[in-house]
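# What the coordinates show
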Amino acid sequence: MRLLIVEDEAKLATLLARGLRESGHAVDLAGTGEEALWRAGSTAYDVVVLDVGLPTIDGFETCRRLRADGVRTPVLMLTARGEVEDRIAGLDGGADDYLVKPFDFGELEARLRALGRRGPATLDPVLVAGPLRVDPAARRAWHGEEELDLSAKEFALLEALARRPGEALDRRALLEAAWDDAYDPRSNVVDVYVGYLRQKVDRPFGTTLIATVRGVGYRLDADGDPA
C-alpha cells in the first residue's frame, strides 16, 4: 500500500516509516496538518495515518478538512489521547479507525491492511438546492455563505427535503426521515419542526424556500421567491 504518515515527532515518524517500508509499503511523511492536506489532496493514498497532536491545526481539524475537501482515503487516527470523548471526536470528524499510543506494531499493520481492503470511504455528496448547501457527512448546512445552526431534527428534515428538491413530501415521509417508529403518524410534530426550520432557513434571509403543499406536506423550492 501507499501510506501517508502525518506525525510531528520526527523520531516516531522515522521509526514508523522504516518499519512499514520493511513490510513492503510505500510511505510518505508529513509533519503538519497543512502538509497532510496538500499531500492527501494531490496523491492517491491507500490509508492516511494521522496523529492528533499536530501543530497549528490538530488531527481532528485536519481530518474534518480532508473530508470537506472530498478526500475519501481511509484515515487511522494515531494518538496518545485515549479518552472516549477524543475517540468519538475523531470518528465523528471522519476518521475510520483509532489506535492509542503506545501500540503494538503488528496491530497497526493489521488495522492498515483492514482499512486498505475497505477502500476509499463513501461520503454523501454535498446537496445543493438554490442558496442552500447541505453536507450529510459533516452534518452541516449553509444558506449562501452563512452556516445554519440547526438541531439534529431540523437538520434531518432539511436533509430529507434537500435530497428531493421540487418534490412534495408528505408528513409520513418526513416523520420517517427524522423520527423513529415511536411517533404517531397523526402527530403534528413535523409541522412544528418545519416552523422551527423556517425560522432559521427562510426568515433571516427573506426567502420562502420551504413551501407548504396543501393536503400533502412540504416541498423545498430551490428558487423560492423573496418573502
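My aim in this report is to walk through the structure given alongside it, one point at a time. (Residues numbered from 1 in each chain as written. Predicted model: local features only at pLDDT ≥ 70, side-chain atom pairs only at ≥ 80, totals over all residues. Heavy atoms only, no water.)

## A look at the pairing of strand 4 (residues 75-79)
- Counting buried positions over the 5 residues of strand 4 gives 5, a clear majority of the element.
- Going residue by residue along strand 4, you find Val75, Met77 and Thr79 tucked away on one face and Leu76 and Leu78 tucked away on the opposite face as well.
- In the classification by handedness, the crossover that spans strand 3 (residues 47-51), the intervening helix 3 (residues 59-68) and the parallel strand 4 is right-handed.
- Bridging between strand 4 and strand 5 (residues 97-100) involves 4 bridges; their strand directions are parallel. For Leu76, the partnering residue across the bridge sits in strand 5 and is Asp97. (Buried < 20%, exposed > 50% of the residue type's maximum accessible area, 1.4 Å probe, protein only. Helix = DSSP H or I, 4+ residues; strand = E, 2+ residues; numbered from the N terminus. Right-handed = clockwise from strand over helix to strand, strands pointing away. Pairing = 2+ DSSP bridges.)

## Some details on the packing of aromatic side chains
- Counted under the stated rule, the structure contains 1 aromatic pair.
- Note that Arg133 overlies the ring of Trp142, its terminal NZ or CZ placed 4.6 Å from the centroid. (Phe/Tyr/Trp six-rings, centres within 6.5 Å; stacked < 30°, edge-to-face > 60°. Lys NZ or Arg CZ within 6 Å of the ring centre and 35° of its normal.)

## Quick notes on the packing of helix 6 (residues 152-163) against helix 7 (residues 171-178)
- Across the interface, helix 6 lies against helix 7 with an axial gap of 9 Å and an inter-helix angle of 125°. Considered as vectors, helix 6 and helix 7 are oriented oblique to each other. Crossing of helix 6 against helix 7: the hand is right-handed. In this structure, helix 6 contributes Lys153, Ala156, Leu157, Ala160 and Leu161 to the contact, and helix 7 contributes Leu174, Ala177 and Ala178.
- Per-class residue counts for the contact of helix 6 with helix 7 are 7 nonpolar, no polar and 1 charged. (Axes fitted to C-alpha atoms, helices over the stretch in contact; angles between N-to-C directions. Parallel < 35°, antiparallel > 145°, perpendicular 65-115°, else oblique. Left-handed = near helix turned anticlockwise from the far one by under 90°. Contact = heavy atoms within 4.5 Å. Nonpolar A, V, L, I, M, F, W, Y, C, P; charged D, E, K, R; others polar.)

## What about the side chain of Lys101?
- Mapped onto the fold, Lys101 is located in the loop between strand 5 and helix 5 (105-118).
- Using a relative accessible area of 18% as the deciding quantity, one classes Lys101 as buried.
- A polar contact is formed between the side chain of Lys101 and the side chain of Glu7, at a distance of 3.2 Å.
- A polar contact of 3.1 Å, which involves the side chain of Lys101, links it to the side chain of Asp51.
- When near neighbours in sequence (up to four residues on either side) are disregarded, Lys101 contacts Glu7, Glu9, Leu12, Asp51, Leu78, Thr79 and Ala80. (Polar contact = N/O pair within 3.5 Å; in protein donor to acceptor, adjacent residues only side chain to side chain.)

## Side note on the sheet that holds strand 5
- One open sheet holds the 5 strands; their spatial order is 2-1-3-4-5, and the pairing between them is parallel. Among the strands making up the open sheet, the edge pair consists of strand 2 (26-30) and strand 5. Shown here is a sheet whose adjacent strand axes are inclined to one another by a mean of 20°, direction ignored.
- Examined bridge by bridge, strand 1 (residues 2-6) and strand 3 share 4 bridges and lie parallel to one another. Bridge pairing in strand 3 links Val6 to Leu50.
- Relative to the sheet, helix 1 (residues 10-22) contacts strand 1, strand 2 and strand 4, its axis offset from that of strand 2 by approximately 170°.

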